[in-house]
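Understanding the architecture of this molecule
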Number of protein chains: 2
Amino acid sequence: MTTTEREQQVLDRIERARRRRAKVREERITLSHGSGGKATHTLIEAVFLDAFRNPLLEPMEDAAALTIGGAKLSLTTDSYVVSPLFFPGGDIGDLAVNGTVNDLAVSGARPLYLTAGFILEEGFPVEDLLKIVESMRSAALAADVQIVTGDTKVVQRGKADGVYINTAGVGVSIRSGLGVATVKPGDAVLVSGPIGDHGVTIMLARGELDIDADLESDTAPVHELVAGLLASVPGVRAMRDATRGGVATILNEVARSAEVAVVIDENAIPVREEVRGASELLGIDPLYVACEGRIVVIVDGAQASDALAALRSHPLGADAAVIGRVADDPPGLVLLNTAFGGTRIVDMLVGDPLPRIC
Amino acid sequence: MTTTEREQQVLDRIERARRRRAKVREERITLSHGSGGKATHTLIEAVFLDAFRNPLLEPMEDAAALTIGGAKLSLTTDSYVVSPLFFPGGDIGDLAVNGTVNDLAVSGARPLYLTAGFILEEGFPVEDLLKIVESMRSAALAADVQIVTGDTKVVQRGKADGVYINTAGVGVSIRSGLGVATVKPGDAVLVSGPIGDHGVTIMLARGELDIDADLESDTAPVHELVAGLLASVPGVRAMRDATRGGVATILNEVARSAEVAVVIDENAIPVREEVRGASELLGIDPLYVACEGRIVVIVDGAQASDALAALRSHPLGADAAVIGRVADDPPGLVLLNTAFGGTRIVDMLVGDPLPRIC
């Protein structure tokens, strides 16, 4: 596809979306608008995309692809409101660095520079802030990025919950043209490791489940994992980090955006026993549980084993697996071949069973 | 000064700062840590700068100067927590766009792309969100920037205050080497118009003063005003938008960073009668009251009248004024020649008489 064809395709999609016009039916914001699932998508389409509409925003990827003065860049942002602030395996600080580093990495960019905006609640212990900032420092060092500018606001007691952090990130593109809209029937679907560790860790850290599992958040920077994959596999179509809404939500975005079917095999999806057990108690499918250091990769089917080998050659991808494939039909849907031999539709996340997971 | 000399100067300053090591004496965050004044500076130096220390962050300007793939860029971020969300002359939406546009503009860059991160409180009216997003849309259009990526989080009722917005911005440099550290004795100090309108408008909108003034926020994008100034005045040393902490705080940053004295004349500072009156009732000097569409300019003294003419040629600078000059002595201090013929020291803002002004 030439650049002009791609531009035309984007413009067509803008036009179609204009005609469709999503609408938020609720009068007030609910927690499900923050789940990353169905309600979040409707809110984004109906409110933000509708107002800000431009060809750079339109692909609705986690990062925007920009060209400035000849340099090809990625730009992304995320706010972090995780509760509790400290949890096994990490805290809001490294989460805020890794999350934005990962959004840049999966967009095909090498992460370079981050901004950091803090909203602090009056009364928040300075000692806790120092711990969080130290986590950010060491996460930035590990991800080889620099935090180059920031902002601090303070709101009255009861108007925040300790601290919220926003990070925005800029990276330089190492592979352009990636995106869920480029996925084709015949492609393979991989995940880089066991899913749901982060989400279940947060739920356990809240003490909402009376179980004691030996589990940590998987928060980690995936930039090296991604760079290795891109260096050896030309047929990578799209990557996403499977955060809010989990793997299921991402695959639904793939299916809708590329107008394809995604068929995955329950038996092939790596899930730790602790995550499976806790998810059952929570009444949620691990496919919807957030990871913070796992990626979903869609790759030309002929290069699936190369991609698997590339992922497995990095410690963060040691347990990578091919979990499914892309098909023609039914377009827009994700199907799961269950462990019991049946098939069911996997929809986007509805409601918000795991609020403030990141 | 050559680039190498400038780099050495920055490294020296890092070394000096390391030896000095600011320390936050409070055990808990207070509202004054968000004032933009003395406590904010100590918090930033002791906590953020100390942990993230790198030559790009070190100048402590409102935007970082980056070079990526040959392109010279500015990167900045700000979170907006203004209360109330809607006020005469604007709302949190256009404030969030203009504030970040202005930080890019005064860094000597043409603003190009913004990110937008929303933290929404459960129960927030969707209709209010639509109004805010519409303000952002039209502010982005007016400032000729695109909002290209975003993020939405929702927190439980009572864990935010309606909505907080973070914007980060990227611009392309049109003038490099600007910065408060380059200010020299003999330079002139200008403001682009009457000061304090925004801050007083917010206080009045809260109903905390029993007065009814015909006053609006000055929120506006200054990118054209700045571009006009830079195009005709080569001797611009530094620009700042006078937000939290007001003109007084910025001039203190100039005095400290450049190790010079800044001497201003009370009679020369444009202040509307309504702002002067309300400030008296609030017990605060208008010099500390935030503006959201005014800039402070430091320029080679020989080009002061050129700078004044350039500012006045734009509607946003119609009431621009030369308010003072830079001197050798006493280094690090801001002095005010009062209307009554005396002289007093103007320190950084202490405490936070105007919380959540932006």
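Here the structure is shown first, and the text comes after it.
Summarised in this report is the structure supplied together with it. What you see is a predicted model, and the numbers here were worked out from it, not measured in a lab.

**So, the interface of chain B and chain A**
Contact residues are listed per partner, giving 77 residues for chain B and 76 residues for chain A. Between chain B and chain A, the buried area comes to about 6,600 Å², and carbon and sulfur atoms account for 70% of it. Looking only at chain B, the three residues that lose the most surface to chain A are Ile29, Phe52 and Lys153 of chain B, adding up to 10% of its buried area. Summed over the shared surface of chain B and chain A, the number is six salt bridges. Lys159 of chain B is the partner of Asp161 of chain A in a salt bridge, and the nearest nitrogen-oxygen pair spans 3.8 Å. Taken together, the elements giving at least two residues each to the side of chain B that touches chain A come down to helix H2 (38-52), strand E1 (64-68), strand E2 (71-80), strand E5 (109-121), helix H4 (126-143), strand E6 (146-155) and strand E7 (163-173) of chain B. Among the elements that take part in the side of chain B that touches chain A, E6 of chain B stands out by supplying 10 residues, more than any other.

**Here's the deal with the side chain of Arg175 of chain B**
Residues and elements named next belong to chain B. Relative to the helices and strands, Arg175 is located in the loop between E7 and strand E8 (188-191). For the buried Arg175, which has no salt bridge, the nearest side chain bearing the opposite charge is Asp300, at an N-O separation of 10 Å. Reaching out from Arg175, the side chain makes a polar contact with the backbone oxygen of Leu230 at a distance of 2.7 Å. From its side chain, Arg175 meets the backbone oxygen of Val233 in a polar contact 3.1 Å long. For Arg175, the contacting residues outside a window of four places in its chain are Ser107, Gly108, Leu230, Val233, Pro234 and Val236.

**Digging into the relation of the copies chain B and chain A**
Between the two chain copies there is a screw-like relation: a rotation about an axis and a shift along it. At an RMSD of 0.0 Å, chain B and chain A line up after a rotation of 180 degrees and a shift of 0.0 Å along the axis. Here the copies are linked by what is in effect a two-fold axis. Closest to the rotation axis within chain B is the C-alpha of Ala160 of chain B, separated from it by 2.3 Å. A shared interface surface links the copies, since 99% of the contact residues of chain B are contact residues in chain A too.

**Focus on the pairing of strand E10 (residues 261-265) of chain B**
Two faces belong to every sheet, and in a regular strand the side chains alternate between them. All names here are of chain B. Burial within E10 is extensive, with four of its five residues counted as buried. Pairing of E10 with strand E12 (residues 321-327) involves four bridges; the strand directions are antiparallel. Bridge pairing links Val263 to Arg325 in E12. Bridge count between E10 and strand E13 (residues 334-337): four bridges; the pairing is parallel. By the bridge assignment, Val262 is partnered in E13 with Val334.

What counts as what
Residues numbered from 1 in each chain as written. Chains lettered and ligands numbered in written order. Predicted model: local features only at pLDDT ≥ 70, side-chain atom pairs only at ≥ 80, totals over all residues. Heavy atoms only, no water. Contact = heavy atoms within 4.5 Å. Buried area = accessible area lost by both parts, 1.4 Å probe. Salt bridge = Lys/Arg side-chain N within 4 Å of Asp/Glu carboxyl O. Helix = DSSP H or I, 4+ residues; strand = E, 2+ residues; numbered from the N terminus. Buried < 20%, exposed > 50% of the residue type's maximum accessible area, 1.4 Å probe, protein only. Lys, Arg positive; Asp, Glu negative; His and termini not counted. Polar contact = N/O pair within 3.5 Å; in protein donor to acceptor, adjacent residues only side chain to side chain. Least-squares fit on C-alpha atoms with pLDDT ≥ 70 in both. Pairing = 2+ DSSP bridges.

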